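# Results of the structural survey
The primary structure of each chain is shown beneath.
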Amino acid sequence: EIEKADYDALHKDYSESVDAIQRAVAVLKKQAHDRPQASFAQVSNLMSLNLIPAEAKKALDLFLQTSQDPEGLEVSAPEAEGYEFQSHGVIE
């Protein structure tokens, strides 16, 4: 009788663990894509927020002015992702 109670408790624990892993894999599969970097339009939208201090808005404005002027830039940089999904090995 004691062995059956131990078995039932261990079986319940393993079943809950397997269920949790299956749910975690499902969440990872839903999020299995790279996220692009913020564009200039997204950064310029920060200018309208009241939460951004005036000094930071000035710095953003200067940054946007200098980075939109491609003087002397003959070659453009390759498109980079802001975040690359790295859990492919977990969900395979």
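Look up: the structure comes first, before these words.
Just so it is clear, the model here is predicted, and its values are computed rather than measured.

When helices and strands are counted, the chain shows four helices and two strands. Taken over 92 residues, the chain has a buried fraction of 7%. Expressed as a percentage of contacts within the chain between residues at least 6 apart in sequence, the contacts between residues at least 24 apart total 68%. In the structure as shown, the chain presents an accessible area of about 8200 Å², 56% of it carried by carbon and sulfur atoms.

To continue, consider the pattern of salt bridges. Within the structure shown, the criterion is met by two salt bridges. Between D8 and K4 there is a salt bridge, with its nearest N and O atoms 3.0 Å apart. In this pair, D8 and K4 both sit in helix α1 (residues 2-30), four residues apart, roughly one turn of the helix. Classification of K4 as exposed rests on a relative accessible area of 55%. Ionic pairing is found between D19 and R23, a salt bridge with its closest N-O pair at 3.2 Å. Taken together, the positions of D19 and R23, both in helix α1 and four residues apart, correspond to about one turn of that helix.

As a further point, take the environment of E84. Within the secondary structure, E84 sits in the loop between β2 (81-83) and α4 (88-91). Overall, the relative accessible area of 46% leaves E84 in the partly exposed class. For E84 and R35, which are 49 residues apart along the polypeptide, the C-alpha to C-alpha distance reads 6.4 Å.

So, how was this worked out
Residues numbered from 1 in each chain as written. Predicted model: local features only at pLDDT ≥ 70, side-chain atom pairs only at ≥ 80, totals over all residues. Heavy atoms only, no water. Helix = DSSP H or I, 4+ residues; strand = E, 2+ residues; numbered from the N terminus. Buried < 20%, exposed > 50% of the residue type's maximum accessible area, 1.4 Å probe, protein only. Contact = heavy atoms within 4.5 Å. Areas by Shrake-Rupley, 256 points an atom, 1.4 Å probe, with all protein chains shown as cover. Salt bridge = Lys/Arg side-chain N within 4 Å of Asp/Glu carboxyl O.

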